[in-house]
Amino acid sequence: MREFFYRPENAWVGDVIPYYEDGEFKLFYLHGWRENYRDDLDHGWYLVGTKDFVNYQAEGACKIEGGTGHILKVDGIYHMFYCIFPPGKQLVCHAISSDLKTWEPIPEDTFAGDGRIYELSDWRDPFVFWNEEEGQYWMLLAAMAKGPTNRKGCTALLSSKDLKTWEYREPLYAPNLHVGAHECPDLFRIGDWWYLIYSSYTGRFATFYRMSRSLKGPWLTPREDTFDGRAFYAAKSVSDGRKRYLFGWNPTKNDDLFGWNPPKSRGKDYNTWDWGGNLIVHELVQRPDGTLGVKVPDTVDVAFSQPLPVHYQGITGDWLISDRTLSCVSPYGFAGCTSREELPDSCKISASVSFSGQTQGVGFMLRTEDRLDEAYYVTLEPQRNRLTFRGKIMQSEEGGKTFPYEVELERPIELIPDRPYEIKVFMDGSICEIYVDANIAMSARMYDIPRGKLGLFVSQGYAEFSDVRIEGRG
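Residues numbered from 1 in each chain as written. Predicted model: local features only at pLDDT ≥ 70, side-chain atom pairs only at ≥ 80, totals over all residues. Heavy atoms only, no water.

(A) Spatial organisation of the side chain of His 70. Mapped onto the fold, His 70 is located in strand β5 (residues 67-74). When sequence neighbours within four positions are dropped, the list of residues in contact with His 70 reads Ile 17, Trp 45, His 79, Met 80, Phe 81, Pro 126, Phe 127 and Val 128. (Helix = DSSP H or I, 4+ residues; strand = E, 2+ residues; numbered from the N terminus. Contact = heavy atoms within 4.5 Å.)

Next up, the structure:
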């Protein structure tokens, strides 16, 4: 069975440039050949189409070798803006097409940073849209503003009447937060709010967002300003007219590009993250206060609808087990139960989880065995208001002594006692996608434990798991 989360054959998905038209998402993306690289292969932009994020139709190479950019349609002509990287430079380029497949570059439209408002070192990832208020096009770019420190990452702003001649303007957003440029900028409006999305790999490695009532700012930072964690990057969005979706990639751990992998590691879970991986799509949800959350797209959710038989057994602690509801009181220690059946390679695990006020931890053990010594732990930590992901080394003496971090991945979330939380976990080979309510997501990878059972646990408290389901692909 092929991987559920898309990647091209013998290659990987890099930055996605989404476009929507006539009922189909046209997903341009940067094609990563990696170890399969050859000079005679097509590089750069590729196109894949989908209507449901489940079935994909590869359209092949666009014959455009360049970095991330944007697609827009004006008077029946498609315009592609992208970037190239000749030695020591970063340049914005322009190409046009009548069918989204054959592209004609316009060399005379190529341009660099101005060297006055912006540094020449970073000038990439163009995003272009029609500004109704000004009656002209705006272009946003990943750039570095001139300034006294290295915290010069910004979202650059240019304007144009004709998509050919651009005026350099002061940055749209320059908060002096990041040492690196604000990558893959994206801008859209929902109701009364404008949203600016960008990605950064300095300070924190994530896709961020800001919100404003006006394109003139100020750009507000919400309490939680990311959609996912470390294993989801370079995300850009597009709407189908009803809903808006966010397209990023869950990175692999294969390449060791910078030589940081642990030299004595017996597996891959604790290797460094790569550039590119599998395509991940989140649906954006606007909350009543204007902030944004994410949920699994409905089409992805229902793709895992084949109920799988499962029976549970208590391993430690006094568990009450009836039908699809399991509960346990364990105020002073850890309690766990497991399924008797092994989890399939690809499946969805879902449950409604509630807990008492003093509970320290509650969640799933993925690919565990009955001794509960090795598993991938997905944990709600009410005392710390966070969701965490831990691999098997964290449960070992070796890992406890040597691993330099408390957890591998974490996401902030307000956790209220006695309130049910809907958790959905999608497993597909090494990929793990975790959603809590229509609120937050956490992407992860699982390499070193290839198979095992589902486990449920509670640590120092009370927890109830209701409507627990394991479902395969229909």
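(B) Broad picture of the UniProt feature "domain: Glycosyl hydrolase family 32 C-terminal" (unreviewed entry) in the protein chain. The UniProt record marks residues 346-470 with the feature "domain: Glycosyl hydrolase family 32 C-terminal" (unreviewed entry), using the residue numbering of this structure. In residues 346-470, the share of helix is 5% and the share of strand is 57%. The end C-alpha atoms are 10 Å apart. (UniProt positions renumbered as here; feature names shortened; annotations may be inferred.)

(C) The nonpolar core, seen in detail. Residues Leu 27, Phe 53, Tyr 56, Phe 227, Phe 247 and Leu 279 are the most contacted members of the largest nonpolar core, which totals 43 residues. Ranked by residues supplied to this core, first place goes to strand β18 (residues 277-286) with 4 residues. Beyond its immediate sequence surroundings of up to four residues, Phe 227 is in contact with Ile 197, Thr 207, Phe 208, Tyr 209, Leu 246, Leu 284, Leu 292, Val 294, Arg 411 and Ala 441. Membership of the second largest hydrophobic core comes to 42 residues, among which are Val 353, Val 362, Leu 366 and Cys 432. (Core = buried A, V, L, I, M, F, W, Y, C linked by side-chain atoms within 4.5 Å. Buried < 20%, exposed > 50% of the residue type's maximum accessible area, 1.4 Å probe, protein only.)

(D) Structural view of the packing of aromatic side chains. Counting across every chain of the model gives 41 aromatic pairs. Seen from their ring centres, Tyr 29 and Tyr 46 are 6.2 Å apart, and the 40° between their planes marks the pair as tilted. With Tyr 29 in strand β2 (residues 24-32) and Tyr 46 in strand β3 (residues 45-50), this residue pair connects regions lying 17 residues apart in the sequence. Both residues of the pair, Tyr 29 and Tyr 46, count as buried. Grouped by ring-pair contacts, the aromatic residues Phe 4, Phe 5, Phe 304, Phe 426 and Tyr 435 constitute a single cluster. Looking at Arg 7, its charged tip hangs above the ring of Trp 12, at a distance of 3.8 Å from the centre. Arg 419 extends its terminal NZ or CZ atom over the ring of Tyr 421, reaching a point 3.8 Å from the ring centre. (Phe/Tyr/Trp six-rings, centres within 6.5 Å; stacked < 30°, edge-to-face > 60°. Lys NZ or Arg CZ within 6 Å of the ring centre and 35° of its normal.)

(E) Region of the structure containing the sheet that holds β5. As summarised here, the arrangement of the 4 strands in space is β5-β6-β7-β8, forming an open sheet in which the pairing is antiparallel. What marks the edges here is a single partner per strand, and that holds for β5 and β8 (104-105). Summarising the sheet, strand β6 (residues 77-84) and strand β7 (residues 91-97) pair through 7 bridges and their orientation is antiparallel. Residue pairing across strands places His 79 opposite Ile 96, the latter belonging to β7. (Pairing = 2+ DSSP bridges.)

(F) Quick peek at the UniProt feature "domain: Glycosyl hydrolase family 32 N-terminal" (unreviewed entry) in the protein chain. According to UniProt, the feature "domain: Glycosyl hydrolase family 32 N-terminal" (unreviewed entry) maps to residues 121-250 in the numbering used here. With 0% helix and 56% strand, the stretch residues 121-250 has end C-alpha atoms that lie 27 Å from each other.

(G) Structural detail: the pattern of salt bridges. According to the stated counting rule, one finds 37 salt bridges in the structure shown. Among the ionic pairs, Arg 124 bridges to Glu 183, the shortest N-O distance being 3.0 Å. Here Glu 183 lies in strand β13 (residues 183-190) and Arg 124 lies in strand β9 (residues 118-131), a separation of 59 residues in the sequence. Glu 183 sits in the buried class, given a relative accessible area of 13%. Across the pair Lys 295 and Glu 283 runs a salt bridge whose closest N-O atoms are separated by 3.6 Å. Of the two residues, Lys 295 sits in strand β19 (residues 292-295) while Glu 283 sits in strand β18, which places them 12 residues apart along the sequence. Neither Lys 295 nor Glu 283 differs from the other in exposure class; each is buried. (Salt bridge = Lys/Arg side-chain N within 4 Å of Asp/Glu carboxyl O.)

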